[in-house]
Amino acid sequence: MKTCLMKFCRILCFALTLPLQLMEVTGLYGMYKRLFPLLAYNITFSYNDKMHKTKRNLFRNVGKFAHSDGTLRLLEIGCGSGANFQFYPYGCTVVCTDPNPHFEKYLRMSMEANKHLTYDKFVVLSGEDMKEVQDESVDVVVCTLVLCSVSDVQQVLQEIRRVLKSGGAFYFLEHVVSDPSSWTYFFQHVLEPLWYYLGDGCNVTRATWKDLEAAGFSELHLKQIEAPEVTLMIRPHIMGYSIK
């Protein structure tokens, strides 16, 4: 009964998104992509406040992947407005990428607020094709709340493995699909068609840990958590790091 109700409600929700689908086909949805960075920038403050301890624990050992001279080159995929900068170790060099060029204004603001880092460049590109980043050229790759919106998770993970130096690490923090027996799972599947458009391509029903397990990293340190006080739809999270 619950499954049938879920499918019926999802169809209704899908029907409600028909105007948004039409906007996407006609190109009008592009206007929202200009607005989304402003929304994301403001939401970041609330999310970081609730997830501060989680992020601090996630990034606490990034420094161990630095070279003997202390240098560390870090690539952030889908950097957005720079929500993770405050958690990176002093002096590391950051390369920023995002497919949405309209984030750059807010990214510069975060750079000004986090002068303990050195910023290399901001490159507009997708995680599936990072041809502007050389093979084995970075020590650490970071990706938070990004794998939910890429078109091909496995391709992104293979690109990450390509650009990482041997022994380098990939850090992740992603929301994922909930347990099928939960009401969170129910609402994730019902509301996903609408959430996709409001979240600029965000999918809330991905079992991303399976992609990480299949990506071919030599080590995978993964933990499943319930994010405190965040929206029910994205409360289930995974966090951790993989070593090439």
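Worth saying up front: this structure is predicted, and the values here are computed from it rather than measured. (Residues numbered from 1 in each chain as written. Predicted model: local features only at pLDDT ≥ 70, side-chain atom pairs only at ≥ 80, totals over all residues. Heavy atoms only, no water.)

Caption draft 1: Here's a closer look at the pairing of strand β3 (residues 118-124). Looking at chain direction, strand β2 (residues 93-98) and β3 are connected through 6 bridges and run parallel. In the sheet register, T93 faces β3, and the bridge partner there is T118. (Pairing = 2+ DSSP bridges. Helix = DSSP H or I, 4+ residues; strand = E, 2+ residues; numbered from the N terminus.)

Caption draft 2: Layout of the packing of helix α1 (residues 2-16) against helix α2 (residues 18-26). Packing of α1 against α2 brings their axes to within 4 Å, and their N-to-C directions diverge by 50°. As judged from the angle between their axes, α1 and α2 are oblique. Contact with α1, carried on its side by F14, A15 and L16, involves L18, P19 and Q21 of α2 and no other residues of that element. For the contact of α1 with α2, the residue count by class is 5 nonpolar, 1 polar and no charged. (Axes fitted to C-alpha atoms, helices over the stretch in contact; angles between N-to-C directions. Parallel < 35°, antiparallel > 145°, perpendicular 65-115°, else oblique. Contact = heavy atoms within 4.5 Å. Nonpolar A, V, L, I, M, F, W, Y, C, P; charged D, E, K, R; others polar.)

Caption draft 3: Representation of the pattern of salt bridges in the model. In this structure the tally under the stated criterion is 9 salt bridges. With its nearest N and O atoms 3.5 Å apart, the salt bridge here joins R10 to E192. One end of the pair, R10, is in helix α1; the other, E192, is in helix α6 (residues 183-198), with 182 residues separating them in the sequence. Owing to a relative accessible area of 7%, E192 belongs among the buried residues under this scheme. R108 is paired through a salt bridge with E104; the nearest N and O atoms lie 2.7 Å apart. (Salt bridge = Lys/Arg side-chain N within 4 Å of Asp/Glu carboxyl O. Buried < 20%, exposed > 50% of the residue type's maximum accessible area, 1.4 Å probe, protein only.)

Caption draft 4: Spatial organisation of the pairing of strand β5 (residues 164-175). Here β5 lies mainly inside the structure; 9 of its 12 residues are buried. Across 6 bridges, the pairing between strand β4 (residues 138-144) and β5 is parallel. Bridge pairing in β5 links V142 to Y171. When β5 meets strand β7 (residues 236-243), the two strands line up antiparallel, connected through 7 bridges. Along β7, the bridge assignment pairs Y171 with Y241.

Caption draft 5: Inspection of the sheet that holds β4 at higher detail. Strand order in the open sheet formed by 7 strands is β3-β2-β1-β4-β5-β7-β6, and the pairing between neighbours is mixed. For this open sheet the edge positions go to β3 and β6 (219-226), each flanked by a neighbour on one side alone. Averaged over all neighbouring strand pairs, the angle between strand axes comes to 15°, with direction disregarded. Bridge count for strand β1 (residues 73-77) against β4 is 3 bridges, and the pairing is parallel. Each bridged residue has a counterpart across the sheet, and for L75 the counterpart in β4 is V141. Strands β5, β6 and β7 of the sheet are contacted by helix α3 (residues 30-58), whose axis makes an angle of about 150° with β5. Along the sheet, helix α5 (residues 153-163) contacts β1, β4 and β5; its crossing angle with β5, the most-contacted strand, is approximately 145°.

Caption draft 6: Up close: α3. With 29 residues, α3 extends just 34 Å between its outermost C-alpha atoms, more than 12% less than the 42 Å of an ideal straight helix rising 1.5 Å per residue. The sharpest bend along α3 reaches about 70° and sits at M51. What α3 keeps buried is the set Y32, F36, P37, A40, Y41, T44, Y47, N48, M51, T54, K55 and L58. (Expected span 1.5 Å × (residues − 1). Bend = angle between axes of the 7 residues up to and from the residue.)

Caption draft 7: Summary view of the nonpolar core. Ranked by size, the top nonpolar core spans 35 residues in total, and within it Y88 and Y171 carry the most contacts. Contributing elements (two or more residues each) for this core: α3, β2, α4 (104-113), β4, β5 and β7. Leave out the neighbours within four places in its chain, and Y171 touches L58, F59, N61, V62, F65, V140, V141, V142, C143, G240 and Y241. With 28 residues, the next largest nonpolar core counts V146, F170, W209 and I238 among its residues. (Core = buried A, V, L, I, M, F, W, Y, C linked by side-chain atoms within 4.5 Å.)

Caption draft 8: Layout of the confidence of the model for the chain. Taken as a whole, the chain shows an average pLDDT of 93; of its residues, 100% reach a score of 70 or greater. At the low end of the mean pLDDT range in the chain sits α2, at 83; at the high end sits β1, at 98. (pLDDT = per-residue confidence, 0-100.)

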